[in-house]
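Structural characterization, general
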Amino acid sequence: MPKVYYSTVIDQTADRVWSVIRDFNSYPVWVEGIAESHIEEGKSGDSVGAVRNFANGDSRIRQRLLAHSDLERFYTFESCEPLGAITWYQGTGRVTPIVDGNRSFVEWSTIFECPDEDRASCVKFFTDATPQWLESLRATLARRS
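Residues numbered from 1 in each chain as written. Predicted model: local features only at pLDDT ≥ 70, side-chain atom pairs only at ≥ 80, totals over all residues. Heavy atoms only, no water.

Side note on the side chain of Glu107
For Glu107, the location among the structural elements is in strand S7 (residues 103-113). Despite its burial, Glu107 pairs with no opposite charge; the closest candidate is Arg94, at 4.1 Å N-O. Of note is the side chain of Glu107, whose polar atom sits 2.6 Å from the side chain of Tyr5. The residues touching Glu107, leaving out its near neighbours within four places in the chain, are Tyr5, Tyr6, Ser7, Thr92, Gly93, Arg94 and Thr96. (Helix = DSSP H or I, 4+ residues; strand = E, 2+ residues; numbered from the N terminus. Buried < 20%, exposed > 50% of the residue type's maximum accessible area, 1.4 Å probe, protein only. Lys, Arg positive; Asp, Glu negative; His and termini not counted. Salt bridge = Lys/Arg side-chain N within 4 Å of Asp/Glu carboxyl O. Polar contact = N/O pair within 3.5 Å; in protein donor to acceptor, adjacent residues only side chain to side chain. Contact = heavy atoms within 4.5 Å.)

Below, the structure written as structure tokens:
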């Protein structure tokens, strides 16, 4: 199963970074290009089992929250249906404090399944998109400072 991993340092406290991304429904706040998102069935954005339903361009994407920890500042989610050639994926975002400089180490990993013949393009999708998502987070935090 392929895995894509990306990490970065953000010059904001871990608590500050986590406060922006901790709500599973906060995509429109920090991911550029996401105009609308809601949690189905009235669940909260930190409720394990909650399904996030959001618009990304012309596509509707649904993802289920599998784990959430404020103490460890992470969450894990999975796809509810295929995304193009990607038949299933699971992502984890984590924010860790860096004591030196009161900064944050932010990491994102995604494992996924896709047909062998599409593997290179699927890896490229996550390899290209993940840094963009975290750069969007960085820009959001900078605007709020």
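Description of the environment of Trp30
Within the secondary structure, Trp30 sits in helix H2 (residues 27-30). For the pair formed by Trp30 and Leu137, sequence separation is 107 residues and the distance between their alpha carbons is 5.1 Å. Not counting the four nearest positions on each side in its chain, Trp30 is found in contact with Val20, Ile21, Tyr75, Trp108, Trp133, Ser136, Leu137 and Thr140. A polar side-chain atom of Trp30 sits 3.2 Å from a polar atom in the side chain of Ser26.

Considerations on the pairing of S7
Bridging between strand S1 (residues 3-10) and S7 involves eight bridges; their strand directions are antiparallel. The partner of Val9 across the bridge, within S7, is Phe105. Two strands pair when backbone bridges link them, and strand S6 (residues 88-98) and S7 are joined in this way by eleven bridges, in the antiparallel orientation. Within S7, the residue paired with Arg94 across the bridge is Glu107. In textbook terms, the turn of a hairpin is the stretch between consecutive antiparallel strands, and for S6 and S7 this stretch comprises four residues, one of which, Gly101, has a positive phi near 90 degrees. (Pairing = 2+ DSSP bridges.)

Considering helix H3 (residues 119-144)
The end-to-end C-alpha distance of H3 is 38 Å, a good match for the 38 Å that 26 residues give at a rise of 1.5 Å each. Among all positions in H3, only Cys122, Phe126, Ala129, Thr130, Leu134, Ser136, Leu137, Thr140 and Leu141 are buried. On its buried face, H3 is in contact with S1, helix H1 (14-21), H2, S6 and S7. (Expected span 1.5 Å × (residues − 1).)

Let's talk about the layout of surface pockets
Here the largest pocket is characterised by a volume of approximately 320 Å³. Forming the boundary of the largest pocket are 20 residues, of which Tyr27, Asn56, Phe125, Ala129 and Trp133 lie nearest the centre. Contributing elements (two or more residues each) for the lining of the largest pocket: strand S3 (51-56), strand S4 (59-69), S6, S7 and H3. It is H3 that contributes the most residues to the lining of the largest pocket, six residues altogether. Residue classes in the lining of the largest pocket are distributed as 13 nonpolar, six polar and one charged. (1 Å grid on protein atoms, 1.4 Å probe; cavity = no way out; pocket = protein on both sides within 12 Å on 5 of 7 lines; lining within 4 Å. Points joined across faces, edges and corners; volume = space filled by probe spheres on them. Nonpolar A, V, L, I, M, F, W, Y, C, P; charged D, E, K, R; others polar.)

Details of the packing of aromatic side chains
This model, assessed by the stated rule, comprises twelve aromatic pairs. For the ring pair Trp18 and Tyr75, a centre distance of 5.9 Å and an interplane angle of 45 degrees mean the geometry is tilted. Here the residue Trp18 occupies a position in helix H1, and Tyr75 occupies one in strand S5 (residues 74-79), the gap between them amounting to 57 residues. Residue classification places Tyr75 among the buried residues on the basis of a relative accessible area of 1%. Geometrically, the ring pair formed by Phe77 and Trp108 is tilted, given 6.4 Å between the ring centres and 55 degrees between the ring planes. Here Trp108 lies in strand S7 and Phe77 lies in strand S5, a separation of 31 residues in the sequence. Accessibility classification places Phe77 together with Trp108 in one group, the buried group. An aromatic cluster of three or more residues is present, and its members are Trp18, Phe24, Tyr27, Trp30, Phe54, Tyr75, Phe77 and Trp108. Positioned over the ring face of Tyr27 is Arg52, at 3.7 Å from the centre of the ring. Note that Arg52 overlies the ring of Phe77, its terminal NZ or CZ placed 5.2 Å from the centroid. (Phe/Tyr/Trp six-rings, centres within 6.5 Å; stacked < 30°, edge-to-face > 60°. Lys NZ or Arg CZ within 6 Å of the ring centre and 35° of its normal.)

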